[in-house]
Amino acid sequence: MGEIKLTANTIQYIALFENMTRAKILDCIIEEERLVCVVKQGDMGLAIGKSGENINRVKKALDKPIELVEYSEDQVTFIKNAFGPVSVSSVNIINKNGKRLAYVEVPNKEKGLAIGRSGRNIEKVKMLARRHHDIDDVILQ
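Residues numbered from 1 in each chain as written. Predicted model: local features only at pLDDT ≥ 70, side-chain atom pairs only at ≥ 80, totals over all residues. Heavy atoms only, no water.

Q: Describe the side chain of H133, with residues and values.
A: Relative to the helices and strands, H133 is located in helix α6 (residues 120-133). Taking relative accessible area as the criterion, H133 reaches 8% and is therefore assigned buried. (Helix = DSSP H or I, 4+ residues; strand = E, 2+ residues; numbered from the N terminus. Buried < 20%, exposed > 50% of the residue type's maximum accessible area, 1.4 Å probe, protein only.)

Q: For the environment of N9, give the residues involved together with the corresponding values.
A: Of note, N9 is situated in helix α1 (residues 8-21). Residue N9 is classed as partly exposed on the basis of its relative accessible area, which comes to 40%. Along the chain, N9 and I30 lie 21 residues apart, while their C-alpha atoms are 8.7 Å from each other.

Q: An account of the sheet that holds strand β5 (residues 99-105) is requested, with residue identities and associated values reported.
A: With mixed pairing, the 3 strands of this open sheet are ordered in space as β4-β5-β6. The sheet terminates laterally at β4 (90-96) and β6 (137-140), the two strands that pair on one side only. Between one strand and the next, the sheet's axes are offset by a mean angle of 25 degrees, whatever the strand orientation. Pairing of β4 with β5 involves 7 bridges; the strand directions are antiparallel. In the strand pairing of β5, V91 is matched with V104. Where helix α4 (residues 75-82) meets the sheet, its contacts fall on β4 and β5, and the angle it forms with β4 comes to roughly 125 degrees. The strands touched by α6 within the sheet are β5 and β6, with β6 carrying the most contacts at an inclination of about 140 degrees. (Pairing = 2+ DSSP bridges. Axes fitted to C-alpha atoms, helices over the stretch in contact; angles between N-to-C directions. Contact = heavy atoms within 4.5 Å.)

Next comes the structure, spelled out in structure tokens:
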């Protein structure tokens, strides 16, 4: 696992989320326009709640959109989870020139969603892959 440094502000968000949902949060990234939380494997149902009531309660309390990513020890599964609603066809992780690279194949019609506005979705995946599985780069194919 890469190095994860949590700020006091991040720890407050995690505590609030865990208190409101009883889901365990392993990591939290605060961005201007959203909060990205990595949820412990198996706790996604708790985080979302029945009909989305838990996640919606937290969104309302924070007045910020929240994206959830379910953690997985398996790096391929974790990367697929990080892409969210995008259909990931395959993930190949290779070592090249001393770097760990993840080549991710997505359908052409979903590439825009995988990249996101101003590249924010792919940047989120790259950051999470680096922080949790020491993957240096994620490359869309």
